[in-house]
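For reference, the chains in residue letters:
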Amino acid sequence: MKLTKDKISELPHIKFNGKRICLLTNYRTASTYFIRETFFTNKIPPTGNWEHFNQRNFLTAYKELKHVNKFILKLMPDQIDLAYEKFEAINTICDEIIYLYRRDFEAQAKSWLAWNLSGDYEHHWGEEKQFDIKTTQEVADAHTQQLIDNYKFIKTIFKKYPGSVYCMEDFPIYRPYNRKYNWINEVKIQPFNTHKEVFRS
């Protein structure tokens, strides 16, 4: 995604303290929107692949950042195998950790489930698309647990390295992906109070 510096940010109140930023987050939290809009205020460019460590050799990805003066990357914990030692290595080259979450966990889990089952990972904005979603409770449980495991990792890191916390639902403006989902069958999502469990417990 190409960014231009002359656009006015929709999140102008969010200002970074560092120059090498790790956005520790989870799936379906508006992290792409967050990075895009904060760029217009902070002028901190995202890494080439915004999810810099996703499906890459960890050491190679780590070494690439060691000599970069300014960057923001988004990191979902399972992209580094929920390995705390890998995060500690990343933390040595970052000077600020920012946390982003979504308050409505049920909506987040169903969005993550639908995103994976839609088969279209390229469509974000533009033409509105609708997808039929049919799944099983077992598949829904697996995707839900993936999010919970990530949040538990984030909880541990937050306790050790407190930092700025942002919530998708608190953004004054949020432009979601132009995607609608038609659920062929209903599934139950395990309850999880993200704010309480991760940032207040």
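Right above here is the structure, for reference.
Below, the structure is looked at part by part. (Residues numbered from 1 in each chain as written. Predicted model: local features only at pLDDT ≥ 70, side-chain atom pairs only at ≥ 80, totals over all residues. Heavy atoms only, no water.)

**Side note on the pattern of salt bridges**
Next up, step 1: Applying the stated criterion to the full structure yields seven salt bridges.
Next up, step 2: Two residues, Asp170 and Arg103, come together in a salt bridge whose shortest N-O distance is 3.0 Å. Of this pair, Asp170 sits in the loop between β5 (165-167) and β6 (179-183) while Arg103 sits in the loop between β3 (96-101) and α4 (105-118), and the two are 67 residues apart along the sequence.
Next up, step 3: Taking relative accessible area as the criterion, Asp170 reaches 48% and is therefore assigned partly exposed. (Salt bridge = Lys/Arg side-chain N within 4 Å of Asp/Glu carboxyl O. Helix = DSSP H or I, 4+ residues; strand = E, 2+ residues; numbered from the N terminus. Buried < 20%, exposed > 50% of the residue type's maximum accessible area, 1.4 Å probe, protein only.)

**Brief notes about the pairing of β3**
Next up, step 1: With six of six residues buried, β3 is to be regarded as a mostly interior element.
Next up, step 2: As defined by bridge partners, strand β1 (residues 20-24) adjoins β3 across four bridges and the pair is classed as parallel. Residue Leu23 lies in a different strand from β3, and its bridge partner there is Ile98.
Next up, step 3: Sheet topology places β3 next to β5; three bridges connect them, and they run parallel. Residue pairing across strands places Leu100 opposite Tyr166, the latter belonging to β5. (Pairing = 2+ DSSP bridges.)

**Some remarks on the packing of helix α3 (residues 84-91) against helix α5 (residues 137-160)**
Next up, step 1: Between α3 and α5, the shortest axis-to-axis distance is 12 Å and the interhelical angle comes to 45°. It follows from the interaxial angle that α3 and α5 lie oblique. Where α3 crosses over α5, the two elements pack in a sense that is right-handed. Contacts between α3 and α5 involve Tyr84, Phe87 and Glu88 from the former and Lys152, Phe153, Thr156, Ile157 and Lys160 from the latter.
Next up, step 2: Its residues assigned to classes, the contact of α3 with α5 comprises four nonpolar, one polar and three charged. (Axes fitted to C-alpha atoms, helices over the stretch in contact; angles between N-to-C directions. Parallel < 35°, antiparallel > 145°, perpendicular 65-115°, else oblique. Left-handed = near helix turned anticlockwise from the far one by under 90°. Contact = heavy atoms within 4.5 Å. Nonpolar A, V, L, I, M, F, W, Y, C, P; charged D, E, K, R; others polar.)

**Quick look at the packing of aromatic side chains**
Next up, step 1: Under the defined criterion, the tally for this structure stands at 19 aromatic pairs.
Next up, step 2: For the pair Tyr27 and Trp112, a centre-to-centre distance of 4.0 Å together with 10° between the ring planes defines the contact as stacked. In this pair, Tyr27 sits in the loop between β1 and α1 (31-42) while Trp112 sits in helix α4, placing the two residues 85 residues apart along the sequence. For the pair Tyr27 and Trp112, a shared accessibility class is recorded, and that class is buried.
Next up, step 3: Above the ring of Trp183, the side-chain terminus of Lys110 is found at 4.7 Å from the ring centroid. (Phe/Tyr/Trp six-rings, centres within 6.5 Å; stacked < 30°, edge-to-face > 60°. Lys NZ or Arg CZ within 6 Å of the ring centre and 35° of its normal.)

Distances and angles like these do not, on their own, reveal function.
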